[in-house]
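Listed below are the residues making up each chain.
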Amino acid sequence: MPFYDLSCKKCGETFNIKASIAQRENREILCPSCGCNDLEAVFKTVNYVVKSKGCEAVSCPQAHRCGAGCCH
Ligand SMILES: [Zn+2]
């Protein structure tokens, strides 16, 4: 089953949840905070920010092997 990053339109809670595509289409996924099913997908623009932070060559013990200094 795929994971979804969802945001609740009602209370603003964002969460990651594992659910089937059918559950998503049938709006059976509920906000863990308020129980509402009015959810929208979160696009993971934060992902590369987190990655670039942990990507400093000095912090990578494998920098000589992974070239870019990032082996994540
Ligand atoms: Zn909610």
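Right above here is the structure, for reference.
Figured I'd write up the structure that's included with this text. (Residues numbered from 1 in each chain as written. Predicted model: local features only at pLDDT ≥ 70, side-chain atom pairs only at ≥ 80, totals over all residues. Heavy atoms only, no water.)

## Describing the pairing of strand β1 (residues 3-8)
Convention followed: Pairing between strands is defined by DSSP: at least two bridges between them are needed. Secondary structure counts use DSSP, requiring at least four H or I residues in a row for a helix and at least two E residues in a row for a strand, with both numbered from the N terminus.
The sheet contact formed by β1 and strand β2 (residues 14-18) spans five bridges and is antiparallel. Pairing of F3 across the sheet is with K18, part of β2. With antiparallel pairing between neighbouring strands as the criterion, β1 and β2 make up a hairpin whose turn holds five residues, including G12 at a positive phi of roughly 85°.

## Overview of the coordination of the zinc ion
The condition is simple: For Na, K and Ca the donor cutoff is 3.2 Å, while for all other metals N, O and S atoms must lie within 2.8 Å; water is not among the atoms, so some sites may look incomplete. Think of it this way: with four donors and all angles in the 85 to 135 degree range, the site is tetrahedral; with four or six donors, opposite ones beyond 155 degrees and the rest between 65 and 115, it is square planar or octahedral; otherwise it is irregular. Throughout, exposure labels follow a simple rule: accessible area from a 1.4 Å probe, protein chains only, divided by the maximum for the residue type, with under 20% read as buried, over 50% as exposed, and the rest as partly exposed.
The protein atoms donating to the zinc ion are C8 (SG), C11 (SG), C31 (SG) and C34 (SG), with metal-donor distances spanning 2.3 to 2.4 Å. Here the zinc ion binds four donor atoms, and the angle range of 106 to 117° at the metal identifies the geometry as tetrahedral. Mapped onto the polypeptide sequence, the residues donating to the zinc ion form the spacing pattern C-x2-C-x19-C-x2-C. Its relative accessible area of 40% is what places C11 among the partly exposed residues.

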